[in-house]
Structures are given as structure tokens and as C-alpha cells.
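Report on the structure
In case you want the letters, here they are:
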Amino acid sequence: CLDQEGKLHEFGSQWRTDDCNDCSSSRGGIRCCSSYATPVDYDKEKCESIFNKEICSYKVVEKDDHSKECPVHSWVG
């Protein structure tokens, strides 16, 4: 199978893309899905979500002080 970037993958192989999707290859084609959960229920006025592409995850922190994490009540992924 060829992925979107033109890279060849063997049937049955698995990999993570540069944009944090987990993919697998089979005779039926390539399937990809997000490898991370996205925060959706937190105080958006006081806090902001920051995506770390190196570890493929979000952190929710106070806008004025990124050293303070905010509680997240719901994630989707």
C-alpha cells in the first residue's frame, strides 16, 4: 500500500504519521485514526489547550501561567 506521502507499506504493517495518526495497512487498504484525545470540557476563558506534536498529546494550562494545569472534564478522540 502507498500512503498519502507516497511511502510504501507492507500489508499488516502499522506506523504513526508525522501529524500523530496511527495507521495500519491491509489488503483492503490503509486505515488511520487519531492517536490522541482532544480536550473539550474545560474553562476556556481561563485556560488553553496546547498540542505537543513530539509526544502527540494535549496539555491544558492556564493562559497566564503555563506551569499551572487546568482540570479537564471531558476528552474526545
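Just above sits the structure.
Report on the accompanying structure. (Residues numbered from 1 in each chain as written. Predicted model: local features only at pLDDT ≥ 70, side-chain atom pairs only at ≥ 80, totals over all residues. Heavy atoms only, no water.)

As for unusual backbone geometry
Glycine aside, a negative phi is what most residues show, and trans is what most peptide bonds show. Selection criterion: In this description a helix means any DSSP run of H or I spanning at least four residues, a strand means any run of E spanning at least two, and both kinds are numbered starting from the N terminus.
The phi dihedral of C20 is positive, around 70 degrees, even though this residue is not glycine. With respect to the helices and strands, C20 occurs in the loop between β1 (14-16) and β2 (21-26).

Quick word on the pattern of salt bridges
Applied cut-off: Whenever Lys or Arg places a side-chain nitrogen within 4 Å of a carboxyl oxygen from Asp or Glu, that contact is recorded as a salt bridge. Residue exposure (1.4 Å probe, protein chains only): buried if accessible area is under 20% of the type maximum, exposed if over 50%, otherwise partly exposed.
Enumeration according to the criterion identifies four salt bridges in this entry. A salt bridge links K46 to E62; its shortest N-O distance comes to 3.6 Å. Of this pair, K46 sits in the loop between β4 (38-41) and β5 (47-52) while E62 sits in strand β6 (residues 57-62), and the two are 16 residues apart along the sequence. For E62, a relative accessible area of 17% corresponds to the buried category. Here K68 makes a salt bridge to D65, at a shortest N to O gap of 4.0 Å.

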